[in-house]
Amino acid sequence: MEITGSIEEVRKRVLEWRQQGLSVGLVPTMGYLHEGHESLIVKAVAENDRVVVSDFVNPIQFGANEDLSTYPRDIEKDKALCENAGADLIFHPESCEMYAPDFSTYVESQGVSAGLCGKSRPTHFRGVCTVVCKLFNIVTPDRAYFGQKDAQQLAVIRRMVRDLNMHIEIIGCPIIREEDGLAKSSRNTYLDEEERKAALVLSKAIFHGESRMKQGEKDAGVILREMTELIEAEPLAKIDYVEMVDADSIETIEKAEGRVLVAMAVYIGTTRLIDNFIMEV
Ligand code: AMP
C-alpha cells in the first residue's frame, strides 16, 4: 500500500491502473479511521480491483465555531487500518494541495441539503459536495462508498452525481455500531466517561422508533414524540433535531410511507452526535 499527499501522484497511479484495465473504488474519509470506515474499505476492496482511501480533514465543510482545529487525527493508525483492509493507496493531502489561496469555485446543492443538518450547519454540504467533486475529479473512480451513518450526506451526494452527470456509482453502506449500540464515530473520542454513557440515548431512541414502526405505527408525530421523550430524559442530552423525512428528497413527512429516514442530531455536552434509521414502509 502506498500513501501520497500529491494529486499528481494519485493521477499517475490511477492512469497506470486504467492502462491495465483495472477498476477503481474510492472511499472518502476525514481520517481517524474506525470499524465504520473499515466496513466501507472492505466492501470497496471486494468490488474493485484497486481501492483509494482519501484521508483529509476538509476545512471548508466546518462552520466557523465548529471543531476543525480539534478534529482527531492519527495517520499512522489510519495507515495500518487501510493496509489491513486491503486498500492500495491513501490520498492524504495538505489543505494547500486541495485549496489554492484564491480558491473560489464551489458545488452548491439545494433542497436535499436544506433540512436536518443543513439547518444548523448552513455551509456544511457546500463544503462536502465541493470536496467530493474534487476527489471524484482527482481519482476518477468507478464506484465511491459512503456510510448511511451520514444519511443526508449520502442523499446529497447521490443527487449531485445525478444532477451533474458524474459517471460514478454511489454505494451506501450500513451503520456500524459499538456493542452497546452507539454508532461509531471519530467524534466519540470527545466524550468523557459520563458523556459516553449518556450518548447511548441516541441509539436507544433510534431502536425504539424503529421497533414502533415495525409494529405498524406510521404517525410521525407519535414516533418522534416518543423518541424525543426518551432523549429528553437524559440530562446531558440536548436535541438539535429529531425528524422523519423522505430518505431521497429529505422532505419532511407526516406519515411513514415509502423509503423513510428518521434522523437525529443531539448534543451530548458540547459534542454533536448524529444517528438514524431507514425503513421501507
Ligand atoms: P468521516 O470520516 O466521518 O467523514 O466518514 C467517512 C465515511 O465513513 C462517510 O461516508 C461516513 O458515513 C462513513 N462512516 C462513518 N462512521 C460510520 C459508521 N459508524 N458506520 C458506517 N459508515 C460510517
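The structure under discussion appears in the preceding block.
The structure presented is a predicted model; accordingly, all values stated were derived computationally and were not measured. Sequence positions are assigned chain by chain, starting from 1 and proceeding in written order. Only residues with pLDDT of 70 or above have their local features reported here, since the model is predicted, and side-chain atom pairs are shown and tallied only from 80 upward, although totals for entire chains, interfaces and linings are computed over all residues. Values shown for side chains rest on all heavy atoms present in the structure; no hydrogens or waters enter the calculation.

A.B. asks: Can you walk me through the pairing of strand β8 (residues 259-268) in this structure?
C.D. replies: One face of the sheet, then the other: side chains in a regular strand alternate in exactly this way. Residue exposure (1.4 Å probe, protein chains only): buried if accessible area is under 20% of the type maximum, exposed if over 50%, otherwise partly exposed. Labels follow the DSSP assignment, with helices taken as runs of H or I lasting at least four residues and strands as runs of E lasting at least two, numbered in each case from the N terminus. Counting buried residues along β8, eight of its 10 residues qualify, which places the element largely inside the surrounding structure. In terms of strand pairing, strand β7 (residues 237-246) meets β8 through nine bridges, oriented antiparallel. For M244, the partnering residue across the bridge sits in β8 and is V262. Whether two strands pair comes down to DSSP finding at least two bridges between them. With 10 bridges joining them, β8 and strand β9 (residues 271-280) adopt antiparallel strand pairing. Residue pairing across strands places V260 opposite M279, the latter belonging to β9. Connecting the antiparallel pair β8 and β9 is a turn made up of two residues, with G269 showing a positive phi of about 65°.

A.B. asks: Mind showing me how you'd approach the environment of A87 here?
C.D. replies: Among the structural elements, A87 can be located in the loop between α3 (75-85) and β4 (89-91). With a relative accessible area of 6%, A87 lands in the buried category. Separated by 156 residues in sequence, A87 and E243 have C-alpha atoms that sit 36 Å apart. Any two residues whose heavy atoms approach within 4.5 Å are treated as being in contact. Among residues more than four places away in sequence, those in contact with A87 are M1, I41, V45, V51, V53 and C82.

A.B. asks: So what exactly am I meant to see when it comes to helix α2 (residues 35-47) here?
C.D. replies: Given 3.6 residues per turn, any residue in an α-helix points the same way as the ones three and four places further on. In this scheme, a helix's expected span is set at 1.5 Å multiplied by one less than its residue total. Spanning 13 residues, α2 covers 18 Å between terminal C-alpha atoms, matching the ideal 18 Å at 1.5 Å per step. What α2 keeps buried is the set G36, H37, L40, I41 and A44. Around the axis of α2, the buried residues are gathered within 140° of arc, so they sit on the same side. On its buried face, α2 is in contact with β2 (24-29), β3 (50-55), α3, β5 (143-147) and β6 (169-173). Summarising the geometry, the arc corresponds to the directions from the helix axis toward the C-beta atoms.

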